[in-house]
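If you want the building blocks of each chain, they are given just below.
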Amino acid sequence: MQYIHPLFMLVLLAAVIHIHRLGKQALAVNLKSPEADQQEFLLQQHKKLSTLITALVFVGLLGGVMVLVKFLQVQEIFLRSYGHGFAGAILLGLLIANIYVGQAIKKPRKQKAQDNVKSFHFYLFYFSLAVALYSVISGIVVLVKGPASL
Ligand code: HEM
Ligand code: HEM
């Protein structure tokens, strides 16, 4: 039972990488070529997938807490997983924030301002990856060593 959450979350993290790939593909479309409308399609996929995966990360976070309490008999949630629970909550927050930042890219009228929001969108993603890496490492530590003592 305690392996369900880690496996589910690893699939979701792979999907987050795929969201990044869709964004990069959208950027690479040549707007003067006949395939220009591909960009709109890729961005729609990018948006749909980011909303879906973020919702599933929330479900997975609740699942992690449930397994911890019910099957690993830990009552003190977030405090006995080497920061893993906090990292997961921060990751969820970053994904939610980036959905809003992504949608804000086109809002300013000046190109320079749009470029700034876009860079922020990318940096937020790289920061999410760093937090995700910590969540994987701390998750493996919980699996190998068991919950931390208080
Ligand atoms: C999207 C990333 C993830 C989120 C949001 C997340 C969230 C959580 C949360 C909130 C808990 C409860 C811990 C506590 O309350 O102290 C938990 C437990 C746990 N997580 Fe994660 N987690 C994520 C990814 C992973 C990964 C990648 C692994 C392993 C490689 C993992 C392994 C575990 C383990 C072993 C537990 C203890 C309970 C169980 O076995 O299900 N998690 N997780
Ligand atoms: C480095 C990784 C990423 C790249 C390269 C990328 C790229 C892009 C691009 C080029 C746009 C279109 C901006 C425009 O309208 O001109 C966009 C929009 C958007 N992005 Fe990302 N993105 C990345 C990560 C993410 C992540 C992690 C999320 C959310 C979890 C996300 C959610 C969105 C959303 C919701 C939009 C708005 C789409 C729309 O309204 O059409 N992106 N992204």
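Overview of the structure. Treat the numbers as computed from the prediction; the structure is a model and nothing was measured.

1. Comments concerning the overall build of the protein chain
For the protein chain, the count of helices and strands is four helices and zero strands. The linear arrangement of helices and strands in the protein chain, starting from the amino end, is α-α-α-α. Expressed along its principal axes, the backbone C-alpha trace of the protein chain runs to roughly 60 × 25 × 20 Å. The buried share of the protein chain, taken over its 150 residues, is 33%. A separation of at least 24 residues holds for 69% of the contacts in the protein chain among residues at least 6 apart in sequence. Approximately 9700 Å² of the protein chain is accessible, and the part contributed by carbon and sulfur atoms is 69%. Placing the 14 positive and 5 negative side-chain charges of the protein chain at their respective mean positions leaves the two points 7 Å apart.

2. Examining the coordination of the iron atom of ligand 2
Surrounding the iron atom of ligand 2 are the protein donor atoms His46 (NE2) and His121 (NE2), which sit 2.0 Å from the metal. Taken together, the six donor atoms coordinating the iron atom of ligand 2 and their angles of 84 to 180° define a geometry best described as octahedral. Linking histidine 46 in helix H2 (residues 38-70) with histidine 121 in helix H4 (residues 111-145), this pair joins segments that are 75 residues apart in sequence. You'll find histidine 46 and histidine 121 in the same group, each marked buried.

3. Describing the site of ligand 2
Not every one of the 19 residues close to ligand 2 is listed here, only the nearest: His20, His46, Lys106, His121 and Phe125. The side chain of histidine 46 places a nitrogen or oxygen atom 2.7 Å from a nitrogen atom of ligand 2. At 3.1 Å, a side-chain N or O of lysine 106 approaches an oxygen atom of ligand 2. Judged by the proximity of its atoms to the pocket grid, ligand 2 belongs to the largest pocket. Taken together, the residues of the shell around ligand 2 break down into eight nonpolar, eight polar and three charged.

4. Focus: the coordination of the iron atom of ligand 1
For the iron atom of ligand 1, the full set of protein donor atoms is His5 (NE2) and His84 (NE2), at a range of 2.0 Å. Around the iron atom of ligand 1, the six donor atoms are arranged such that angles at the metal cover 86 to 179°; this shape is classified as octahedral. One end of the pair, histidine 5, is in helix H1 (residues 4-28); the other, histidine 84, is in helix H3 (residues 84-104), with 79 residues separating them in the sequence.

5. Quick look at a nonpolar patch on the surface
The grouping of Tyr3, Leu7, Leu10, Ile140, Leu143 and Val144 at the surface amounts to a nonpolar patch, some 620 Å² of accessible area in total. For the nonpolar patch, the elements supplying multiple residues, two or more each, are H1 and H4. Broken down by element, the residue count for the nonpolar patch peaks at three residues, all from H4. Assignment of secondary structure puts leucine 10 in helix H1. On the accessibility criterion, leucine 10 (46% relative accessible area) is partly exposed.

6. Section: the site of ligand 1
For ligand 1, the set of nearby residues contains 24 residues, the closest of which are Gln2, His5, Phe78, Ser81 and His84. Between phenylalanine 78 and ligand 1, the recorded distance is 2.7 Å, taken from a backbone N or O atom to an oxygen atom. The contact in question runs from a nitrogen atom of ligand 1 to an N or O atom on the side chain of histidine 84, over 2.8 Å. Given that more than half its atoms are within 2 Å of the pocket grid, ligand 1 belongs to the second largest pocket. Going through the elements one at a time, H1, H2, H3 and H4 are the ones with two or more residues in the shell around ligand 1. If you tally residues by element for the shell around ligand 1, the top one is H4, at six residues. Grouping the constituent residues of the shell around ligand 1 by class yields 15 nonpolar, nine polar and no charged.

Cut-offs used in this document
- Residue numbers restart at each chain and count upward from 1, following the sequence in its written direction.
- Written order determines the labels here, with chains lettered from A and ligands numbered from 1.
- A pLDDT threshold of at least 70 governs which residues receive local features in this predicted model, and a stricter bar of 80 or more applies before side-chain atom pairs are shown or counted, although totals over entire chains, interfaces and linings include all residues.
- Side-chain numbers come from the whole structure's heavy atoms, not from hydrogens or water.
- By the criteria applied, helices consist of DSSP H or I runs no shorter than four residues and strands consist of E runs no shorter than two, each listed in order from the N terminus.
- Only protein chains enter the accessibility calculation, which uses a 1.4 Å probe. A residue is then buried if its area is under 20% of the maximum for its type, exposed if over 50%, and partly exposed in between.
- In what follows, residue pairs with any heavy atoms lying within 4.5 Å of each other are defined as contacts.
- All accessible-area figures derive from a Shrake-Rupley calculation using a 1.4 Å probe, and residue coverage is judged against the displayed protein chains alone.
- In this tally, Lys and Arg are treated as positive and Asp and Glu as negative; His is ignored, and so are the chain termini.
- Where a charge lies is defined by one atom per residue type, namely NZ (Lys), CZ (Arg), CG (Asp) and CD (Glu).
- For Na, K and Ca the donor cut-off is 3.2 Å; for every other metal, N, O and S atoms count as donors within 2.8 Å. Water does not enter the count, which can leave sites looking incomplete.
- Key to geometry: four donors with every angle between 85 and 135 degrees are tetrahedral; four donors are square planar and six octahedral where opposite donors lie over 155 degrees apart and all remaining angles lie between 65 and 115; all other sites are irregular.
- Residue proximity to a molecule or strand is established when one non-hydrogen atom of the residue lies within 4 Å of it.
- We define a polar contact as two N or O atoms separated by no more than 3.5 Å, with the added condition that, inside protein, one atom must be a possible hydrogen donor and the other a possible acceptor, whereas residues neighbouring each other in sequence contribute only through side-chain atom pairs.
- A cavity here means a set of points on a 1 Å grid, drawn over the protein atoms and nothing else, where a 1.4 Å probe fits but cannot get out; a pocket is an open set with protein on both sides within 12 Å along at least five of seven lines, and a residue lines either one if it has an atom within 4 Å of a point.
- By definition, a pocket or cavity contains a molecule when more than half of the molecule's atoms lie within 2 Å of the pocket's grid points.
- Following the grouping adopted for this structure description, the nonpolar residues are Ala, Val, Leu, Ile, Met, Phe, Trp, Tyr, Cys and Pro, the charged ones are Asp, Glu, Lys and Arg, and the polar ones are all others, Gly among them.
- Patch membership requires over 30% relative accessible area and the absence of a salt bridge. Like charges are linked within 9 Å, and nonpolar side chains (Val, Leu, Ile, Met, Phe, Trp, Tyr) within 5 Å.
- In the sections that follow, a salt bridge refers to a side-chain nitrogen of Lys or Arg positioned within 4 Å of a carboxyl oxygen of Asp or Glu.

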